[in-house]
Structures are given as C-alpha cells and as structure tokens.
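Examining the three-dimensional arrangement
Each chain, letter by letter, is given below.
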Amino acid sequence: MRLSHLLLAAGLLFGATASFAQTNQPFTESRTAEGVKVLKGKPTLQTFMSDSAFRWFYTGVNRYQPNTAAAVDFLKAKREKFNITVIIGTWDATSQEAFPKLTKVLLQASYPAETMEIFCVDQHDEAGVTVPYKFKKIPTVVVSRNGKEVGRIVGDPTASNYETELSKIVFDATRNDKPDPNSTSSMQ
C-alpha cells in the first residue's frame, strides 16, 4: 500500500478519540512520568496514523512541505532501488520532529510503505527486538540497497533537509547503474 493511501485512511481514523488496539502487536507500550506513550519494538506506519497519542506524527506530516521538488522527483524515480530503516523514540522531541518530515518526503516520492522498517526504542535505547543496525543517536535513518547499508542520516538534518540528504545517498548508491531500457524516465 502506498503512503498516500495510508495517510488518507489515517485522516479518517484520527477523528476517533479511542486508541487503536491490536492483538499480537510486534511492540510494547508504556508511558513516561509525563504521560507520553513510549513504544518498544517494531510498529508499522499504521500504528502512528491510527493512535491519537501520536497526533504529533499526523500534524507533522501535514505541516511539512519538502523544499526541493527535484530531490523528491529523483527519489520517486529511484524508489524501488533502496530501502529505509528508521530508528526512533516516540518520547523523543527530535524523533517527533524528524519522523513526520521523512514520512512526508517518502509519501511524495510514492515510496512503498510496506518496505519501510520502523524500530522504536525506549529512553535506554532498548527496542525489545533485534535492531539490524548499530546506532548511537535517535532518530537514525538507514538507507540500504540489496541488503547493504549505503548511507544514513542521524538526527534531524539542520543544514539541509530529508529530501536532499536522501537523494544524495541514493544518487551515490545508484550512480554506476546501467540505464533501464524499459524506463521512460530520463532520471537514470
């Protein structure tokens, strides 16, 4: 399912005040002393769109407007050539700012949501599941290709933005690719 379809569905779901409950969730929930919901494990994007505790996610996605259309277009042309793994803390202010921005960029690039892996950690950087990449800071966005890491973004890009940083990583990883003879895009 494409991100645009998921976010459209989230718009309908976010009107409800009750939290979305699943059985056999691949993550656990707790609360900070201030009442902020903390996830540990491997939720899906749907988790953030359907739980009113993550209103920051929905608001952030709607508010962020990518600055560089050319970078988003490039990512769209290359979307099948890379995978995204995100490591965030739902309690962390930087993650709450950065994760929606990243999601908006991927949404506009028509990136397939089901291929994005999301790992949530608690305040001790514990996920309760095996995170396939080492990390020292959250949020961390790992870009991989054919199962191999080709780049990462740590924190919220302040000197640039997600669309520019991601397109640089993907460009470097795909610059030696042979043009696809079946493609109608000139962005090979």
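In this text, all values refer to a predicted model and were calculated from it rather than measured experimentally. (Residues numbered from 1 in each chain as written. Predicted model: local features only at pLDDT ≥ 70, side-chain atom pairs only at ≥ 80, totals over all residues. Heavy atoms only, no water.)

A word on the overall build of the protein
This is how the line gets drawn: Secondary structure elements follow DSSP: runs of H or I of four or more residues count as helices, runs of E of two or more count as strands, with numbering from the N terminus. Three exposure classes are used, based on accessible area relative to the maximum for each residue type with a 1.4 Å probe and protein chains only: buried under 20%, partly exposed in between, and exposed over 50%. Only the protein chains shown count as cover for residues, with accessible areas throughout obtained via the Shrake-Rupley method and a probe of 1.4 Å.
Counting its secondary structure elements, the protein contains six helices and six strands. Walking the protein from its N terminus toward its C terminus, one meets helices and strands in the order α-β-β-α-α-α-β-α-β-β-β-α. Here the protein, with 188 residues, has 46% of them falling under the buried criterion. By element, 50% of the accessible surface of the protein is carried by carbon and sulfur atoms, the whole surface being about 9,800 Å².

Concerning helix α4 (residues 69-78)
For the record, the criterion: Think of it as the arc spanned by the lines of direction from the helix axis to the C-beta atoms. The contact criterion used throughout is that any non-hydrogen atoms of two residues lie within 4.5 Å.
Where α4 is concerned, the buried positions are Ala 71, Val 72, Phe 74, Leu 75 and Lys 78. Down the axis of α4, the sector holding all buried residues measures 160°, keeping them to one side. Of the exposed residues in α4, those oriented more than 90 degrees away from the buried face are Ala 69 and Ala 70. Where α4 is buried, its residues contact α5 (93-108) and α6 (162-174).

Let's talk about the pairing of strand β6 (residues 148-154)
Basically, it comes down to this: Think of it this way: DSSP has to see at least two bridges between two strands before they count as a pair.
Sheet topology note: the strand β5 (residues 140-145)/β6 ladder contains six bridges and is antiparallel. In the sheet register, Val 142 faces β6, and the bridge partner there is Arg 152. Linking two consecutive strands that pair antiparallel, namely β5 and β6, is a turn of two residues; a positive phi of about 55° is found at Asn 146 within it.

Some thoughts on the nonpolar core
Operational definition: In plain words, nonpolar cores are sets of buried Ala, Val, Leu, Ile, Met, Phe, Trp, Tyr and Cys residues tied together by side-chain atoms within 4.5 Å.
One finds Phe 48, Phe 57, Ile 84, Phe 99 and Leu 166 to be the most contacted residues of the largest nonpolar core, which totals 35 residues. Mapped onto this core, the elements with two or more residues apiece are α2 (45-50), α3 (55-63), α4, β3 (83-88), α5, β4 (117-120), β5 and α6. Of all the elements, α5 adds the most residues to this core, at five residues. Counting residues in each nonpolar core, the second largest holds seven residues, with Phe 119, Val 121, Val 131 and Ile 138 among its members.

Observations concerning the side chain of Thr 164
Checked against the element boundaries, Thr 164 lands in helix α6. Setting aside residues up to four positions removed in sequence, Thr 164 forms contacts with Thr 68 and Ala 71.

A short note on the confidence of the model for the protein
In plain terms, the rule: Values of pLDDT, which run from 0 to 100, indicate the predictor's confidence residue by residue.
For the protein, the average pLDDT comes to 85, and 82% of its residues sit at 70 or higher. Below pLDDT 50 for its whole length, residues 8-23 participates in 21 contacts with residues either more than four positions away or in separate chains.

Overview of the packing of aromatic side chains
Worth spelling out the cut-off: In this scheme Phe, Tyr and Trp rings, the latter by its six-membered ring, pair at centre separations within 6.5 Å, and the angle between planes marks the pair as stacked below 30 degrees, edge-to-face above 60, and tilted otherwise.
Inspection of the entire model under this criterion finds nine aromatic pairs. Between Phe 48 and Phe 57 the ring centres are 5.7 Å apart and the planes differ by 45°, which places this aromatic pair in the tilted class. Both residues of the pair, Phe 48 and Phe 57, count as buried. For the ring pair Phe 74 and Phe 171, a centre distance of 6.2 Å and an interplane angle of 55° mean the geometry is tilted. Taken as a pair, Phe 74 in helix α4 and Phe 171 in helix α6 lie far apart in primary sequence, 97 residues in all. Classification of Phe 74 by relative accessible area gives buried; the value is 12%. For Phe 171, a relative accessible area of 42% puts it in the partly exposed group. Ring pairs connect the aromatic residues Phe 48, Phe 54, Trp 56, Phe 57 and Phe 99, which therefore count as one cluster.

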